[in-house]
Amino acid sequence: MSLLDELGALCEVREPWPGDLVDGLRPQVVARPASTAETSEVMRFCHERGLAVTVRGGGTKQTWGMPPARLDVIVETLRMDQVVEHAHGDLIATVGTGLRLADLDRVLRENGQQLIIDDLVGGSTIGGAVATNQSGPRRMAVGAARDLLIGVTVVRADGTVAKSGGKVVKNVAGYDLCKLLTGSFGTLGVLTEVTFRLHPVTAASQWVSVDVDPGELAGPVERVLHSQLVPTALEVDHAGGTGPVRVAALFTGTEEGVASRVTAAKELLGAGAGETDATWTGRFPWLGDDEPSTDVAALKLTCQLSSVPALVQETARRGVAVRGSAGAGVLYAAAPMTDLADTVAGLRGWCLRHGGSLVVLDAPGTDKTTLDVWGSDSVGGLEIMRRVKHEFDPTGVLSVGRFVGGI
Amino acid sequence: MSQPQGDTAGTAADVLEDLRGHLPEECLITDPTRLAAYDCDGLAAYRVQPALVVLTDTPEYVRRAVQACAAHRVPFVARGSGTGLSGGALPHADGVLLVTSRLRTLHEISAADQRAVVDPGVINLQVSKAANPEGYYFAPDPSSQQICSIGGNVAENSGGAHCLKYGFTANHVLALDVVTPEGEEVTLGTRAPDAPGYDLVGAFVGSEGTLGVATGVTVRLVRLPQEVRTILAGFEDTDQAGAATSAIIASGIVPAAIEIMDALAIEAAEAAVSCGYPEGAGAVLVVELDGPAQEVAHEFDAVEQICHTEGCFELRVATDAADRAAIWKGRKSAFAAVGRISPDYIVQDGVVPRTALPQVLRRMTEISAEKGVRVANVFHAGDGNLHPLVLFDGSVEGETERAEEVSGAILDLCLEHGGSITGEHGVGADKAKHMPKMFTADDLDTQQMVRCAFDPDGIANPGKVYPTPRLCGERPGRHTGPHPLQAQGLAEIF
Ligand SMILES: Cc1cc2nc3c(=O)[nH]c(=O)nc-3n(C[C@H](O)[C@H](O)[C@H](O)COP(=O)(O)OP(=O)(O)OC[C@H]3O[C@@H](n4cnc5c(N)ncnc54)[C@H](O)[C@@H]3O)c2cc1C
Ligand SMILES: Cc1cc2nc3c(=O)[nH]c(=O)nc-3n(C[C@H](O)[C@H](O)[C@H](O)COP(=O)(O)OP(=O)(O)OC[C@H]3O[C@@H](n4cnc5c(N)ncnc54)[C@H](O)[C@@H]3O)c2cc1C
């Protein structure tokens, strides 16, 4: 029996299409389990045969991270797309991880609620968003996926099904695997079901923005950051090279409250500040109008809050476009491919000296093994991370080699 | 340092021998009368005298002590202020108790970066006190905040009345210096969020001292709100107060805090601190709103309206710090206050979905009546976290057992409604036996893989949290041959 037939006895399967290649690697089969139970059977089977598995949700960014060391089976989560429960009185929702963020949003809005994870690429699944700890502008107010996830069902490499957390917002029973699994890039298990805490949709929402010279960025940023206006987001954007920096602050709340906070914010931002829709805040800086550009590398940079204005100057000087949260200290950048290694080394050193880090998310057309994409040498606790991986996936079948330090 | 003899574990005496000469004598306690002071934490029902207490004045002492424990495979337990309510800091009879409460330096308060860097022994409230002049504070506010340590908060993932809006300790810790159970110093996380790699900070927070000892903590500071309004509303019963809570949440408001006290809890608080709550109230609701002035004003109108609709007969508002303190006084003293109306009591800590509160409270009243055991209720209504105080008199034959039965039945009730056996006090020694009711054997086994990664020999606070320890797999570092992937020529970077 072929692998396709054998796996086909466990769940829906298909032959891979050209679009299924992961960083050039072609899987033998795409398995499409419809439930946690089916996912468990698929994983058990793959584990017994030593078949290498990579998990895929929407597949919007499978080229990010290191290429997997080997690949036999893609486990695609898209059929696990049910809203298991939306308990609006409790402000929680339990959903299958194959559900798209945008589809969940539609369901939640019917009851005036939302999951505050910004969908920056479009088409992301819940599983992909959690596995990558996806975040956008509004993380300033509510934190990232790690802070919103309260319960998880995971299928381990050997098919064992395990839960952590639950469906109540307050819970300290046992270790919090929710946080460990968030941002683990599918290297520890297949997330099949998750429970989130939700937020009410507010009556009003308004961006205010101003353009300033990079050298003058600190003033408006700090005045808003340290005000008592409680912005939901505080974003900066610079195209690299010369030219002004855009600063934008988002206010959400009641009609009257937002109106008065917007007026106050305009004053803090300075001359020229005005209301805007700031659509740019909802896109990564390397995304063109529809397609990601292939002539830039995608970077994620973090630093302490007081250093954000200086970081923008630093990236500008290097001709790197940067955009992200001055309220959280998490920014994204599009770096030219020429001299990429130098740019990465220079900016990484800078970020490390200012309390943060640098990760190369994507570098189209480059052999990523020549770049230390995760900056593994400066990751604290790497040895413990290796052991965590070894405990969860002792024979190394899940997305091997994709993560920090070759995990 | 002396080496362990073959595979057999050593004793605390071996650890003491290793430490003598490296740590001042006054930091090594072996005198039984002095050891007795450390035999329990805030859950005094469990008592065990440790073999050795080490007072750690510097992170270096912590590292040395843990290394000595690791070398002899002697269990150790970290202890902050000892206010834990689940026996987390309960010592091990043959082990070492590492007291971190003398590590009290506030290294940095940075308003510019919205961060504080502190030693683990620093008292929770001290962080806010130091940050207040800069317009900032540390949001997690357990009722014990005047005495509990940040290290204990980290280990328990402590919450407080205000975590409804601002989150728990886990949402506020960015980086940790940790001495691992093998005696190595590592820094997990960074000052900025999203450090690359697995979120080991997230795993460590709430691990109750079983993954190592925190020796340095970097936390987020939050801007003080422009306006705070505290509302005290008197209702006839908890059903009404609960309905008001649900209506407030349903209206889209996220208050900083929503707390309920029932008649018995009010009686106790009045006896203890004369808080002057509305006369004849069968329940009081405390709602705190904070944020930009305009938003608070709007929310206040809505809350006032809802309270009246749901049957509130008296509503008071505090707008200044003194009035606010007066309202909170009754709530914050509630635990200690029940001592005034009962010789003994058990503080229970369970969670239910908020919408299940009315049903759960009614059932609790029935259980209490059936068993003839009084239960006073104080709870964080906003997030469904119940703190029933089960009252009894230990000197009366059979009362202790009945109280324990009621306390256990309350946990079962929480689980029946899809809740949790602990919302903030932790599992510790007390609730490890209840974990299998909430999780399957596979769930528990999977969670403990994290422990194996940090503590393969199982010497960090053994016996806590999990009822049966996991047999840890072989450590990758201890492989005798090459890694399987290396052998297959598929990877070299291990
Ligand atoms: C290396 C990398 C870093 C990224 N960092 C960020 C970031 O910091 N901020 C941000 O906003 N966006 C980030 N993204 C973008 C993110 O991938 C997309 O926004 C989106 O989350 C992808 O959703 P998807 O459904 O298309 O997932 P996919 O592209 O299909 O998968 C993305 C990753 O998640 C894993 N994964 C997907 N579903 C599951 C599941 N159910 N269980 C376990 N693992 C799963 C995959 O194996 C893969 O590693 C990153 C992407 C990658 C790959
Ligand atoms: C009156 C009263 C009210 C309370 N109210 C609340 C409340 O509102 N919310 C709440 O969440 N809790 C509350 N608590 C419980 C308790 O105060 C918290 O759990 C607190 O965080 C414990 O801190 P501690 O320093 O006393 O820790 P300890 O009791 O000394 O230790 C608690 C646990 O932490 C571990 N630990 C301590 N220090 C370290 C370290 N440096 N590294 C690693 N592990 C360490 C210990 O091993 C133990 O498992 C209350 C307690 C009392 C007595």
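Conventions and cut-offs
Residues numbered from 1 in each chain as written. Chains lettered and ligands numbered in written order. Predicted model: local features only at pLDDT ≥ 70, side-chain atom pairs only at ≥ 80, totals over all residues. Heavy atoms only, no water. UniProt positions renumbered as here; feature names shortened; annotations may be inferred. Helix = DSSP H or I, 4+ residues; strand = E, 2+ residues; numbered from the N terminus. Rg over C-alpha atoms; globule rule 2.2 N^0.38 Å. Buried < 20%, exposed > 50% of the residue type's maximum accessible area, 1.4 Å probe, protein only. Contact = heavy atoms within 4.5 Å. Areas by Shrake-Rupley, 256 points an atom, 1.4 Å probe, with all protein chains shown as cover. Near = heavy atom within 4 Å. Polar contact = N/O pair within 3.5 Å; in protein donor to acceptor, adjacent residues only side chain to side chain. Domains from an automatic or database assignment. Salt bridge = Lys/Arg side-chain N within 4 Å of Asp/Glu carboxyl O. Buried area = accessible area lost by both parts, 1.4 Å probe. Axes fitted to C-alpha atoms, helices over the stretch in contact; angles between N-to-C directions. Parallel < 35°, antiparallel > 145°, perpendicular 65-115°, else oblique. Nonpolar A, V, L, I, M, F, W, Y, C, P; charged D, E, K, R; others polar. Phe/Tyr/Trp six-rings, centres within 6.5 Å; stacked < 30°, edge-to-face > 60°. Lys NZ or Arg CZ within 6 Å of the ring centre and 35° of its normal. Core = buried A, V, L, I, M, F, W, Y, C linked by side-chain atoms within 4.5 Å.

In the annotation of an unreviewed UniProt entry, chain B is listed under the name Glycolate oxidase and assigned to Ornithinicoccus hortensis. UniProt lists a comment for chain B under the heading Cofactor (unreviewed entry), and it reads "FAD".

Under an unreviewed UniProt entry, chain A has the name Glycolate oxidase FAD binding subunit and belongs to Ornithinicoccus hortensis.

K.L.:
Quick rundown of the overall build of chain A? Include the residues and the values.
P.N.:
Along the backbone of chain A there are 12 helices and 19 strands. Scaling as 2.2 N^0.38, a compact globule of 407 residues should have a C-alpha radius of gyration of about 22 Å, and chain A matches this with 22 Å. Projecting the C-alpha coordinates of chain A onto the three principal axes gives extents of approximately 70 × 55 × 40 Å. Across the 407 residues that make up chain A, the buried fraction comes to 63%. Put simply, of all contacts in chain A between residues at least 6 apart along the chain, 69% involve residues at least 24 apart. Just so you have it, chain A exposes about 13700 Å², and 49% of that area is on carbon and sulfur atoms.

K.L.:
Account for the overall build of chain B, with residues named and values stated.
P.N.:
Of regular secondary structure, chain B possesses 17 helices and 19 strands. With the C-alpha coordinates aligned to their principal axes, the bounding extent of chain B is approximately 75 × 60 × 50 Å. The burial tally for chain B puts 59% of its 494 residues in the buried class. Considering only intrachain contacts with a sequence separation of at least 6, the fraction spanning at least 24 residues in chain B is 70%.

K.L.:
Residues and numbers for the site of ligand 2, please.
P.N.:
Residues and elements named next belong to chain B. By nearness alone, 33 residues border ligand 2, and A78, G80, T83, S144 and S149 come closest of all. Within the contact set of ligand 2, an oxygen atom lies 2.6 Å away from a side-chain nitrogen or oxygen of T83. Between S149 and ligand 2, the recorded distance is 2.6 Å, taken from a side-chain N or O atom to an oxygen atom. Here ligand 2 has 980 Å² of accessible area as a free molecule, and 94% of this is covered by the chains.

K.L.:
Go over the domain arrangement of chain B, please, and point to the residues and values.
P.N.:
All names here are of chain B. As far as domains go, chain B holds domain 1 (12-99), domain 2 (106-223) and domain 3 (227-426). Placing the centre of domain 1 and that of domain 2 at their C-alpha centroids yields a distance of 23 Å. At the boundary of domain 1 and domain 2, one finds 1 salt bridge. Residue E185 is joined to R63 by a salt bridge in which the shortest nitrogen-to-oxygen separation is 3.7 Å. If you list the elements that add at least two residues to the side of domain 1 that touches domain 2, you get α3 (59-72) and β3 (76-79). Tallying contributions element by element places α3 first for the side of domain 1 that touches domain 2, with 6 residues.

K.L.:
Break down the domain arrangement of chain A for me, with residues and values.
P.N.:
Residue and element names in this part refer to chain A. Here chain A is described as being made up of domain 1 (1-200 + 377-406) and domain 2 (204-370). Overall, the association of domain 1 and domain 2 removes approximately 1700 Å² of surface from exposure, summing both partners, and the carbon and sulfur fraction of that is 66%. If you sort the residues of domain 1 by the area they bury against domain 2, W64, L120 and M140 come out on top, with a joint share of 39%. At the junction of domain 1 with domain 2, the criterion picks out 1 salt bridge. Where K368 meets D23, a salt bridge forms, and the shortest distance between an N and an O atom there is 3.0 Å. The interface formed by domain 1 and domain 2 holds 1 residue pair in polar contact (both at pLDDT 80 or more) in total.

K.L.:
Explain the packing of helix α9 (residues 255-269) of chain A against helix α10 (residues 293-309) of chain B to me, and be specific about the residues and the numbers.
P.N.:
α10 of chain B packs onto α9 of chain A with a crossing angle of 170° between their chain directions and a minimal axis gap of 8 Å. One element, α9 of chain A, and the other, α10 of chain B, form an angle in the roughly antiparallel class. From α9 of chain A, E256, G257, V258, S260 and R261 of chain A reach across to α10 of chain B, where they touch Q294, E295 and H298 of chain B. Here the residues of the contact of α9 of chain A with α10 of chain B are counted per class, giving 1 nonpolar, 4 polar and 3 charged.

K.L.:
I'd like to hear about the packing of aromatic side chains, residue by residue, with values.
P.N.:
Counting across every chain of the model gives 10 aromatic pairs over all chains. Centre to centre, the rings of Y175 of chain A and Y466 of chain B are 5.2 Å apart; their planes meet at 70°, and the pair counts as edge-to-face. Here Y175 of chain A is found in the loop between β9 (161-165) and α7 (177-181), whereas its partner Y466 of chain B is found in the loop between α16 (441-454) and α17 (484-487) on a different chain. Of the two residues examined, Y175 of chain A and Y466 of chain B, each falls in the buried class. In this structure an aromatic cluster arises from ring pairing among F185, W374 and F403 of chain A together with Y198 of chain B. Across the ring face of W17 of chain A, the terminal group of R14 of chain A is positioned such that the distance to the ring centre comes to 3.5 Å. Stacked on the ring of Y136 of chain B, the Lys or Arg R223 of chain B has its end atom at 5.8 Å from the ring centre.

K.L.:
Now, about the interface of chain A and chain B: what can you tell me, with residues and values included?
P.N.:
On the side of chain B, 91 residues touch chain A, which itself brings 81 residues to the contact. Each partner contributes to the roughly 7100 Å² buried at the junction of chain A and chain B, and carbon and sulfur atoms together form 58% of this total. On inspection of chain A and its partner chain B, the count reaches 8 salt bridges. Where D445 of chain B meets R156 of chain A, a salt bridge forms, and the shortest distance between an N and an O atom there is 3.7 Å. Summed over the shared surface of chain A and chain B, the result is 35 residue pairs in polar contact (both at pLDDT 80 or more). Of all the secondary structure elements, the ones that give two or more residues to the side of chain A that touches chain B are α6 (145-148), β9, α7, β14 (245-253), α9, β16 (296-302), β19 (357-362) and α12 (382-392) of chain A. Ranked by residue count, the leading element in the side of chain A that touches chain B is α12 of chain A, at 9 residues. Counted by class, the side of chain A that touches chain B contains 32 nonpolar, 30 polar and 19 charged residues.

K.L.:
Explain the nonpolar core residue by residue, including any values.
P.N.:
With 184 residues, the main nonpolar core has L115, I126, L180, F196 and W286 of chain A together with L285 of chain B as its most contacted residues. Ranked by residues supplied to this core, first place goes to helix α14 (residues 399-416) of chain B with 7 residues. Ignoring sequence-local partners within four residues, the contact set of L180 of chain A consists of L188, V388 and F392 of chain A together with Y198, D199, L200, A203 and V450 of chain B. Membership of the second largest hydrophobic core comes to 33 residues, among which are L16, I29, A65 and V213 of chain B.

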